[in-house]
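Listed here are the chains, written in short residue letters.
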Amino acid sequence: MSAARTLRVVWRLTAVNVMMTLEYRGAFLIYMFNTVADPTISLLVWLAVADQGVALPYDRAQFVTYYVMLSVTAMLTATWLGSYLAEAIRLGKLSPFLLRPAPYILGMVGNNLGEKIIKLPLLLPLVGLVAIFFRHDLRLPTDPRAWALYLLSLPLAATVAFLLDYVIGSLAFWVEDVNGLLRIRTLLGAFLAGQYVPLALFPGELSGLLAAQPFRYTLSFPLEILTGQLSGTALAAGFAWQAGYCIGLWALYRLLWRFGLRAYSAAGA
Amino acid sequence: MAGWESPAPQPRESLARQVVRHLRVWRQFVVMAFVREAEYRVNFFVNVFDGVAQLALAVATFLLIYQYTDEIAGWSRAEALMLVGIYRTVAGLIGLLIEANMMAIPGYIREGEMDFHLLRPVSSQFLVSLRRLRLDEAVNMAIGLGLAIYAGNQAGVRWSALGVLEAAAFMLCGVVLLYALWFATVTLSFWLVQVDTLDQLFFGLFETARYPVTFFKGAVRALLTFAVPVAFATTFPTQALLGQADRRLLPVGLGLAALGLLGTRAFWNHAVRHYGSASS
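Now for a description of the structure that goes with this document.

Conventions we followed
Residues numbered from 1 in each chain as written. Chains lettered and ligands numbered in written order. Predicted model: local features only at pLDDT ≥ 70, side-chain atom pairs only at ≥ 80, totals over all residues. Heavy atoms only, no water. Helix = DSSP H or I, 4+ residues; strand = E, 2+ residues; numbered from the N terminus. Core = buried A, V, L, I, M, F, W, Y, C linked by side-chain atoms within 4.5 Å. Buried < 20%, exposed > 50% of the residue type's maximum accessible area, 1.4 Å probe, protein only. Contact = heavy atoms within 4.5 Å. Buried area = accessible area lost by both parts, 1.4 Å probe. Salt bridge = Lys/Arg side-chain N within 4 Å of Asp/Glu carboxyl O. Phe/Tyr/Trp six-rings, centres within 6.5 Å; stacked < 30°, edge-to-face > 60°. Lys NZ or Arg CZ within 6 Å of the ring centre and 35° of its normal.

Bringing unusual backbone geometry into the picture now. Notably, Ala73 of chain B is not glycine yet its phi reads approximately 45°, a positive angle. Mapped onto the elements of the fold, Ala73 of chain B is located in the loop between strand E1 (71-72) and strand E2 (75-76).

Attention shifts here to the nonpolar core. Core analysis: the largest hydrophobic core is formed by 148 residues, its most contacted members being Trp46, Tyr166 and Trp257 of chain A together with Ile105, Met114, Phe206 and Phe215 of chain B. The dominant element in this core, judged by the number of residues it contributes, is helix H3 (residues 77-111) of chain B, at 16 residues. The residues contacting Tyr166 of chain A, other than those within four sequence positions of it, are Leu81, Leu85, Tyr104, Ile105, Met108, Tyr253 and Trp257 of chain A.

Each partner contributes residues to the interface: chain B has 26 residues there, and chain A has 30 residues. Buried surface at the junction of chain B and chain A, summed over both partners, amounts to about 2,500 Å²; 73% is from carbon and sulfur atoms. For the chain B face of the interface with chain A, the top three residues by lost area are Leu57, Leu64 and Tyr68 of chain B, together amounting to 25%. Inspection of the chain B/chain A interface yields two salt bridges.

Residue and element names in this part refer to chain A. Enumeration according to the criterion identifies 44 aromatic pairs over all chains in this entry. When the centroid spacing of 5.9 Å and the interplanar angle of 85° are considered together, the rings of Trp147 and Tyr150 count as edge-to-face. You can see Trp147 and its partner Tyr150 sitting in helix H7 (residues 144-170), three residues apart, about one turn around the helix. Among the residues examined, Trp147 registers a relative accessible area of 26% and is labelled partly exposed. Members of the aromatic cluster, each reached through a chain of ring pairs, are Phe97, Tyr104, Phe162, Tyr166, Phe173, Trp174, Trp250, Tyr253, Trp257 and Tyr264. The ring of Phe28 carries Lys119 above its face, with NZ or CZ at 4.9 Å from the centroid. Its guanidinium or amino end placed over the ring of Trp80, Lys119 lies 4.3 Å from that ring's centre, counting from NZ or CZ.

As structure tokens, this is what we get:
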């Protein structure tokens, strides 16, 4: 399928999902409240630690920047497709989609983008309120290049997270129940992505390991760009890892679906 | 149908007999829960594992925080971990007794099952609030208690019957208050179709119980003490065990809990009177 046609299909599917999702805007407002409240509580805890007057890898401004921007970044990079995909494969709901002239994954992309388009305007005012509350310590980058890099790493982070879920969900071609695996991915993934504690505050001995694991590139890396903690080489290495995970997971997805669809048809579904 | 008529007057029954009757019904809920759990054994272990994983991550978060300091707002690491254990215990208690029920109530109303619950000769609030038990949460509760005792020993707690009793009383207030808050929210589903998502709000707020309220200042602390009473569920019980609780707060908590129960009862009865049933 040509790139232009793929884009057109994704655009249409996104528009459809925007309309469908509008129904749930009330529910989403509540989700967005939690999306903002959780990081704010973490921030208050770290500010209480900072008030003890101890030396920390982050100063107050970095904590505020990290946790205020965490909610937007986490929302924009979130995925929820894993269990839906696994169910579609397990119950044979995939079959009608296989007859359509576009890959199944594009529907999931459209759903992901469509929901985020509805969520963003609900989330931004809440983030604005938190930002105003912490305005004295909030220090967002003034250099437009930092924002450009953030905006570059954001879709890459969303892609890594999306493909990770897609790959795990695809295991349903062979494994009866992948929900346990998805649950571990959610819990451990959030922790290792810096959802609760910024990775820069993990013990120093772990830094090599933390930099190599995929979850950093689903959330932490764009935030690290905004806190201004990365040197030029660290930035380049980060983007290389992020792009590498995108390509690697994409290849894995293609491979899994090639063999998975055979296993699927063999099951007679 | 224009709403539920009050049931035909029953011969007056003493309060003690009513309590005994309800306890007997509750025993039956427990028996049923065991039967159900025996059907889904794998699910049981998955849920326990999930609880353990969540607790491990909460502990890891605190260990990361306490790398940098020995004390936060007067709480040592062992004391904070003790609170995490208490948090897990309370979360387990809520999961065991009420969580599954709160999540089921909007469905009863939407799909008409509520009619059957209203016809039964026990308090409908009692029935819908407690009929489902999640036994796997009892295991998570025990694990939480284990952590609280272990960390308590490390914190040098001198265990006393009075302290444990005081902690249990605070915890009871906390659980009752959280129940009242959640149940009042769920009661709204007599009028609103989509309140299920309000559960998410409740879970989000309850998450804050993982931290001592004294970590927070001013408005946030007041909010978490009185508006969203998580302080009664975790911070005050831990302080009671550490011998640092403000005893004046115990009657406040008991009063608020009683008020919460009476308030939800009045609200629920009001809602039921205006219930038109999904099938009529």
